[in-house]
Amino acid sequence: GGGGGGGEAHVLLPRSSLPQLLTAAARLAPSAVAALLRTSLGRLRVERRDELGRARAVVGALLEVARGLLGEEAAVAGGGEGREGEEAAATSAVATAACSLAFELLPLVADPLLPELQHGALALALAAPQPWQRERCLSQLRDAVCSSHNHARKPGLVRWMLEVHGVARGTAKSRL
C-alpha cells in the first residue's frame, strides 16, 4: 500500500482499552470485527518486538472478550437474570461469533503468535462455563482447523487438534 511513511499515521490505544473496544464492536458487527482483526494482525510486523507485543495484546484481548461473552451467555441461558428470547439469542450469537473468530485466526496468524493462540484457544474452549458451550467451542475449533486453506500449517494444526481432542476427553472424564 502507499500509506504514509514510518508509522506516523498509527494511533495507538492503551492496551487496557482493547477488551472494551472489542466487546462493543463485537456486539455491533461481528463480521466487521473479524475483518478489522485480520487486517490489523496481517499488517503488524511481528519480527519487531514492539509490534509482536501489539499483536499479542490483540490476540489476548480477543480471547478475554470471548471468555467474557461465554460467561454472559451462560448467565442468560441459565435464567439467572430472567432474560429470554431475543436478548438470549443475541448474546449467544455474539459469543459464538467471538469464539469462532478466535479459532479462525489459527491458520492466519504469524508463526510467533501461533503457540500463544493455540494455548489460549484451547483454554477458552475447555473453560467455557457450560458443557454445551465447551462442546460448541471444540466443534468450532475443529471446524476452523479442518477448513484451513493454509496448506503449510494445516498438518501441524491437525496434529494439535488430535491432541486437543485427547485433552478435552480427559477433561470431560475428570468432571464426571
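What comes next concerns the included structure. Just so we're clear, the structure is a prediction, and the values are computed from it rather than from any experiment. (Residues numbered from 1 in each chain as written. Predicted model: local features only at pLDDT ≥ 70, side-chain atom pairs only at ≥ 80, totals over all residues. Heavy atoms only, no water.)

Here we take up the overall build of the protein. Tallying secondary structure elements over the protein gives seven helices and zero strands in all. In the protein, once contacts between residues fewer than 6 apart in sequence are set aside, the share between residues at least 24 apart is 68%. Approximately 10,000 Å² of the protein is accessible, and the part contributed by carbon and sulfur atoms is 58%. (Helix = DSSP H or I, 4+ residues; strand = E, 2+ residues; numbered from the N terminus. Contact = heavy atoms within 4.5 Å. Areas by Shrake-Rupley, 256 points an atom, 1.4 Å probe, with all protein chains shown as cover.)

Here we come to helix α5 (residues 114-126). Compared with an ideal rise of 1.5 Å per residue, which puts 13 residues at 18 Å, α5 spans 18 Å between its outermost C-alpha atoms and is within 8% of the ideal. Those residues of α5 lying buried are L114, L117, Q118, G120, A121, L122, L124, A125 and L126. (Expected span 1.5 Å × (residues − 1). Buried < 20%, exposed > 50% of the residue type's maximum accessible area, 1.4 Å probe, protein only.)

A separate point is the nonpolar core. Judged by nonpolar contacts, the single largest core of 44 residues is most densely connected at L41, F103, L113, L141 and W160. Elements with a minimum of two residues in this core: α2 (30-43), α3 (49-77), α4 (86-104), α5, α6 (131-146) and α7 (154-174). With ten residues, α3 is the largest single contributor of residues to this core. In this view, L113 contacts L41, V46, L52, A55, R56 and V59; residues no more than four positions away in its chain are not counted. (Core = buried A, V, L, I, M, F, W, Y, C linked by side-chain atoms within 4.5 Å.)

Here we take up the state of the cysteines. Enumeration over the complete set of coordinates arrives at zero disulfides. Free of any disulfide, C99 has its nearest neighbouring cysteine sulfur in C137, separated by 3.9 Å. We classify C99 as buried; its relative accessible area is 0%. (Disulfide = S-S within 2.5 Å.)

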